[in-house]
Each structure stands twice: as structure tokens, then as C-alpha cells.
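# A closer look at the structure
Listed below are the residues making up each chain.
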Amino acid sequence: MITFDNLNENQRRAVGWDQGPVLVLAGPGSGKTGVLTLRVARLLEEDESASVLALTFTNKAATEMRERVDDLLGERAGRAQLCTFHSFATDLLAQHGSHLGIRSDFQHAVRDEDRIAILDDVIDGLDGDVPADRRSLLRLIDRLSSESYAGKGESASLAVTPGWLPPLYRRYCDALIEANRLDFGSLLSLATRLLREKPAVARVVRLGWTHVCVDEFQDTNRAQYNLLRLIAPARSHNLFVVADDDQIIYQWNGASPQRLQDLRRDYDLQTIQLPESYRCPPAIVSLANRLIGHNTRRIAEKKILAVRDPQVAYAGEVKYDVFASPPEEAKFVGRDIGERGLPSSDCVVLGRTTRLVQDAADQLRSAGYDAYVPVRKSEFDSPAANVLLEALRSANSPHDRVVLRRLCLAWEGLTGVIVDPQSVEAAATLFGGNFLRAWVQYAEAVAGGWKPVPQRIRTDLVDTLSFPAVVDWFLEGGWESWDRDDREESTSEEIATWKGLHEEIVAEYGGGVALNSYLQQLDLASKTPPPAPDALRCMNVHQAKGLEFRYVYLIGMAQEVFPSIYALREGAESRQVEEERRSCFVAVTRARETLTLTRSRSYYGYSKGPSQFLAEMGVASRAE
Ligand code: ATP
Ligand code: MG
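Residues numbered from 1 in each chain as written. Chains lettered and ligands numbered in written order. Predicted model: local features only at pLDDT ≥ 70, side-chain atom pairs only at ≥ 80, totals over all residues. Heavy atoms only, no water.

## So, the site of ligand 1
- Around ligand 1, the surrounding shell holds 20 residues, and the nearest of these are Lys32, Gln247, Arg279, Glu548 and Arg590.
- Contact between ligand 1 and arginine 590: an oxygen atom at 2.8 Å from a side-chain N or O atom of the residue.
- Contact with the protein chains hides 88% of the accessible area of ligand 1, taken as 640 Å² for the molecule alone.
- In terms of residues, the shell around ligand 1 owes the most to one element, helix H2 (residues 32–46), which gives three residues.
- Shared between two domains, the shell around ligand 1 takes at least three residues from each, and those domains are domain 1 (9–91 + 191–274) and domain 3 (282–374 + 533–617). (Near = heavy atom within 4 Å. Polar contact = N/O pair within 3.5 Å; in protein donor to acceptor, adjacent residues only side chain to side chain. Areas by Shrake-Rupley, 256 points an atom, 1.4 Å probe, with all protein chains shown as cover. Helix = DSSP H or I, 4+ residues; strand = E, 2+ residues; numbered from the N terminus. Domains from an automatic or database assignment.)

This is the structure we're talking about:
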């Protein structure tokens, strides 16, 4: 593990970096994330006036960084905000969004259905042939948001911008604000707009952070970069960025090699390279270098990845095998893990697509493995969790009809008792329009054995607003008295997941966190239960970014699967094939000890040959 004591010379220079913008440019496993984390801890320890904003892409990465910094300092690092771009934008808009007409209690529009309802309202009355498929319109809107589209003129990422699109985008963004629900894309574009249009707010934000850091910078899209520029505008800003141009794997979400060039253009940047891999053994470093050497669009001066300790070698570092069908391939993975006696928690099964790994996980489960696929879940499923969550939302936004409807639905799901939202709305006129107060009245009247629930909501969310009390009660087992006959294991699992998220939010925002911030952070988090400690994790390559595992199984190494058929259609030398190659590079460099590559002779009923990447890595099979 990387520590202050075992840094190499380049790493020491990066950790000791004080003033001015710097780019740490280095390959996988060279210690970029480690160096960034150590530097944050060092700054906070050495300089009492330092305050650090560190931006990452996933909640998991942010949480890990937070834990590491706290561990290093031996206390809670209060002067640091370690979070995702989205979480940063959320806090910013909650605090200062009123300048754009955004209320501090805004919610996140996480479900497509909610966004489509808003879209439907704004499409009416638009001139032009707006396509009927709402979901593809949402993807189009996301694309515009990721490029920081201003709502007029040509889009930078579309070949043709139809005439109806600019007004549609503008109206949609306005309607989000009107509905008090912001989608993920609009969080970034509105935060950017706020800092651009309100210099006083931008000044306050800039004064808040003496140092700004970004991990995995290579995958920032235009919107994220624009936001970063507004937080750290000076050419000489204390900006510390770590990146690897060979690991750009989010081109479809707006990432681009251009971004590193923009960074060089916009800042007086020094570059530190970390050319040694501490993660991968020699054979894996060699094949990864061979593979990525086939890409032509790379930063010329970046040093090639070298093995830190060539002495370290593991038996069978790289293996490759071919199977008749995907189930056979998956069964082999299970068998191999068993025969080698590997702890499942040290292994990962990686594949190009979620579908590939889902199918493999199904097979592995039938072979007795607790295979875990971390699919993002925006909402809880269990009625018990949803009753409390919607009650909290309603306490936060007492006049919100959508929330009231959901609360009634969740209540019906839990108790079987129908409370009609329209009647509640009508009754709410007696209570100053407060829907939750009216709902409690109704629910108590017809609750029967469930009465303690609305009573508790009344005490902690209506008569007084002491939401931590009701949440604590709920998470500490209070819900068990709600669910009697139909208590399900999945409910317990969801409550445990909520508890984990609750602890993270309280750790970051303190026990006195405001209800709006609490709900906003809960909205941003995935509600997927964490894996059991000994689960076998199966994930797509994108989810494995930044992670490492002792034993990596990379399945689906077939042509037209990895690289995908869509990329190949763009041409063998296309940007898309180069991105697939980078994804493969990311996948193989997750391995700390061994890499096992597999493929089936067919997928989804079509026969497939070996992936071109196998030959490019110099991997051959006896079985070919
Ligand atoms: P990626 O590009 O995949 O995100 P990275 O460059 O961020 O990789 P890290 O995850 O920071 O790399 O480090 C990779 C591994 O190497 C970690 O297990 C880390 O603890 C270890 N490591 C890095 N530097 C050292 C060091 N000087 N001594 C010992 N271990 C180290
Ligand atoms: Mg990293």
C-alpha cells in the first residue's frame, strides 16, 4: 500500500506539490489516486489555512478517498470536501440556486418517467417534427447537457441540430426548475450557469477552497470541465489533476482527448509523470503496453508503463481459454476459482457489457456462487422504505403533488389501504395547503393496526421537524413493528443499505444536516445493496475504473463483442475502436496478480472469432 514512507521520487514530488497547477500524468496502477489522497492529507495537516475540494466521478471513489484522508489524519478532515461533480453541483445549487429561481428544497429527477412527464408538457406547442420516442429524446437532452449546451445555436456534438431542439432544450430546463426537480445533466449546466452569471457567488465559492483536485480527469466532459474552470479560473490556480489519456473510456458521455489539451491551454501547467506500475505484475504490464501501443491518438511524451519490481512474478500470470458457449465460459470461471482455491472477494469477473456479466453472474449463481452485479438503483423498492422516504420528501416539500401521490402509493403498498391523493389535497386547504399534515389525518383515521406509523410521522415530521429522530427510529428497527405478516428479507436488505448511506451522509455533512441536503444526497446515491463480504463481483469494464483486484477474469474476448460491433462498424482505425482498446487496457490493468482471459465461440446465437485485442496483446491459446 502507498504511504508517506514508501513513495518513489516522482510520487514524493507530487505529494509535496504546494502551489500552482499540476498534471500528474501516468498509467494505471502508478499511484495517481494514492498520491492525490496523500497530498490532500498532507495539505490539511501542514497548513491550517488550507481547504481542499477534491472531485471524483463516483460516490464510491469519493467515499474511499474520504475514509483514506480521515485515516491518515486520525480525525475527521473538516476542511475538505471530497465528492462527485454532481454532489458538488447539488450543494452549490441548494445554497445559491435561488439566484436562478431554484428552490433549496429541489429534488433530483432520477426516474425517466418523471423526466418524460416534464418533457411531455413542454413538447406540446413546439413547431417541427419532434420524434415520438421520449427516451431517445432524453438521451439527446443528456448529450446536450454533457456538452454544456447553452440552449441556442448548433450543438457541438451533433452533426445536425434540428430546429425544434434548441427551444425544446430551453423549455425543458425551465420546466425542471418550475417543477423543482433537476435531472443529473441540468445539475452541472445550472451550476455552471450560476457561477458564470453571478460573479458574487463565484467569488464566494472560489474563496472557499484554497486547493482543488480532480481524480480521473481524463473522463471529464465539457460540462464538468466548464464547472471546474469556473471554480478554478486563474492560470496559476492551485489545481491538482491526475489523469491517464490511455484510460479515456467515457467518450460516449462527452469525455475527449481534447480535454487534456484544453487543460494545457488554460493553465500554466507543470507535469509530473509516474511511469512505474505498482499494481500489475510484469507479464500484464507488457501485454497492456503492447495493446495500447496500437492506438495512434495518444500523448506522445507520456512515458511507457514500467514494472516497479520485476522480481515479483506470479505463477500463471496470464491465461487464455476458449469455450463452446457463454454458459460454458462462465462455468469455467467458477470452476477455476474453486480449483485454485481463490477467495471470491479477491476475484472479479469483467466484461465489455452489463448484459454479458449479468448472464455470467446468473450461471455462476446456479453454480453456487454469490455473484454480485452492482447495477445502479435510483429508488428503493420496499413499501416500508418508500413510506418513510416519501414522508420525508413531503415534509421537505409540503405542497408537492407528485410526492403526495407517491406517498399514497407507498402506503397502499405497505398496508393495502387506499388513501386518495385528491381527497388529501382537498383536505389540505384546512391545513395551509400542507399535504403531509392532511395525509397524516387521513392515514391515522384508516390505519387500523398501522396507526403507530402515521402517528410517528406526525410527531417527528408534522408537529415538529425532527427528521433525524424518525430516521434513526426507522433504521434502528422501528420499521419492524410496521411490517408484520409480510416482512421480507429484501426489505431488511434495503433498510441496511439506507443505513449505510445514512452513515455516509452524516459523516460528510454532520448530524445537523438539513433535510433538503439529506434527501438530495440520498437521491444521488445508488440504492443497490453493497456486496456481501465474500461475494464474487461481476461488473462491466466501466464500473471497474480505478479499482484493483488480485485475480481478474475478463470474459467475452471475442471480435464484435470486445471491440463491439458498433465500434467496428465505424472502421478499424476509428475513434470508437480506440476507445474500446482503452477499455480493454483498463480491464487488464485491474489485475494485481493474475489475469484470465476467456471467450466463447458464439454469443447471442452468432458465431464469433477471437478479439483482435488478443493478438494485439500477444496472447495465444492452445485451443484456438
Ligand atoms: P488507476 O489509473 O487504475 O486509477 P492509479 O494510478 O490511481 O491507478 P493507485 O490506485 O493509486 O493507482 O495505486 C495502485 C496500487 O499501487 C495501490 O494498491 C497502491 O497502494 C499501490 N502503490 C502505489 N504507489 C506505491 C508505493 N510507492 N509503494 C507501495 N505501493 C504503492
Ligand atoms: Mg486511480
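Anyway, onward from the coordinates.
## Observations regarding helix H20 (residues 467–475)
- Every buried residue of H20 is listed here: Phe467, Val470, Val471, Phe474 and Leu475. What you see down the axis of H20 is that its buried residues fit within an arc of 125°, all on one side.
- Where H20 is buried, its residues meet helix H15 (383–396), helix H19 (452–463), helix H21 (489–509) and helix H22 (515–524).
- Positioned one or two residues after H20, glycine 477 has a phi angle of 110°, which is positive. (Buried < 20%, exposed > 50% of the residue type's maximum accessible area, 1.4 Å probe, protein only. Arc of directions from axis to C-beta. Contact = heavy atoms within 4.5 Å.)

## What to know about a negative patch on the surface
- A contiguous patch of negative charge on the surface is contributed by Glu67, Asp71, Glu503 and Glu504.
- Of all elements in the fold, only helix H3 (59–73) and H21 reach the threshold of two or more residues within the negative patch.
- For glutamate 67, the location among the structural elements is in helix H3. (Patch = residues over 30% accessible without salt bridge, like charges linked within 9 Å, V, L, I, M, F, W, Y side chains within 5 Å. Salt bridge = Lys/Arg side-chain N within 4 Å of Asp/Glu carboxyl O. Lys, Arg positive; Asp, Glu negative; His and termini not counted. Charge placed at Lys NZ, Arg CZ, Asp CG, Glu CD.)

## A few points about the side chain of serine 155
- Tracing the backbone shows serine 155 in the loop between helix H6 (134–146) and helix H7 (165–179).
- Taking relative accessible area as the criterion, serine 155 reaches 5% and is therefore assigned buried.
- A polar contact of 2.9 Å, which involves the side chain of serine 155, links it to the side chain of glutamate 147.
- In terms of polar contacts, serine 155 uses its side chain to reach the backbone amide nitrogen of serine 157, at 3.1 Å.
- Those residues in contact with serine 155 that lie beyond four places of it in its chain are Leu144, Glu147, Tyr149 and Thr161.

## Comments concerning the environment of glutamate 45
- As for its placement among the helices and strands, glutamate 45 is situated in helix H2.
- With relative accessibility at 57%, the residue glutamate 45 sits in the exposed group.
- Considering only alpha carbons, one finds glutamate 45 and threonine 192, 147 residues apart in sequence, at a separation of 31 Å.

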